[in-house]
Amino acid sequence: MKTAYELAMERLSKSTPVVTLTAEQKAEIADLESQCAAKIAERELLLKDEITKAVDKGDDEAVGQLEKQLVSDRKSLRAEFDEKKEKVRQRPAS
């Protein structure tokens, strides 16, 4: 007798087949993840410097706007790179 987990996994594999990636695709995805992390870190450094300056000036409104901008930038960069990674995953294995 199968457990509920095993049955659920069987149903899941029927609805979404397992995609195996080639070594080249895995390397591309790893490279994209690295690029994404670098872009986010670059943006964080730039904005955190500006946030520090705004805090020193006592400009709470600017601090709030910069923090919102940082969150927005992270989301957009992640979405951009997730889209690129998905394109790599969808490419047929060669």
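In what follows, the structure referred to is the one given above.
Presented here is an overview of the structure given in this document. (Residues numbered from 1 in each chain as written. Predicted model: local features only at pLDDT ≥ 70, side-chain atom pairs only at ≥ 80, totals over all residues. Heavy atoms only, no water.)

**Quick look at the overall build of the protein**
Helices and strands together make up the secondary structure of the protein, namely three helices and zero strands. Along the protein, helices (α) and strands (β) appear in the sequence α-α-α when read from the amino end. Taking the principal axes of its C-alpha atoms as reference, the protein extends roughly 65 × 35 × 15 Å. Within the protein, the fraction of its 94 residues that count as buried is 18%. Long-range pairs, those at least 24 residues apart, make up 71% of the contacts in the protein between residues at least 6 apart in sequence. (Helix = DSSP H or I, 4+ residues; strand = E, 2+ residues; numbered from the N terminus. Buried < 20%, exposed > 50% of the residue type's maximum accessible area, 1.4 Å probe, protein only. Contact = heavy atoms within 4.5 Å.)

**Regarding the environment of S15**
Mapped onto the secondary structure, S15 falls in helix α1 (residues 4–15). Exposure remark for S15: the relative accessible area of 54% places this residue in the exposed category. Considering only alpha carbons, one finds S15 and S34, 19 residues apart in sequence, at a separation of 31 Å.

**So, the packing of aromatic side chains**
All chains considered together, the criterion is met by zero aromatic pairs. When the ring centre of F81 is taken as reference, the NZ or CZ atom of K84 above it lies at 4.9 Å. (Phe/Tyr/Trp six-rings, centres within 6.5 Å; stacked < 30°, edge-to-face > 60°. Lys NZ or Arg CZ within 6 Å of the ring centre and 35° of its normal.)

**So, the pattern of salt bridges**
All told, the structure shown has 10 salt bridges when counted by the stated rule. Residue R74 is joined to E44 by a salt bridge in which the shortest nitrogen-to-oxygen separation is 2.8 Å. Linking R74 in helix α3 (residues 60–90) with E44 in helix α2 (residues 23–57), this pair joins segments that are 30 residues apart in sequence. Between K53 and D49 there is a salt bridge, and its shortest N-O distance comes to 3.6 Å. Within this pair, K53 and its partner D49 are both found in helix α2, separated by four residues, close to a single helical turn. Taking relative accessible area as the criterion, D49 reaches 41% and is therefore assigned partly exposed. (Salt bridge = Lys/Arg side-chain N within 4 Å of Asp/Glu carboxyl O.)

**Focus: the environment of E28**
Considering the arrangement of structural elements, one finds E28 in helix α2. Here E28 falls in the partly exposed class, since its relative accessible area comes to 28%. Between the C-alpha atom of E28 and that of K84, which follows or precedes it by 56 residues, the distance is 9.8 Å. Excluding residues within four positions of it along the chain, E28 makes contact with V88 and R91.

Limitation: the analysis is restricted to geometry and does not speak to function.
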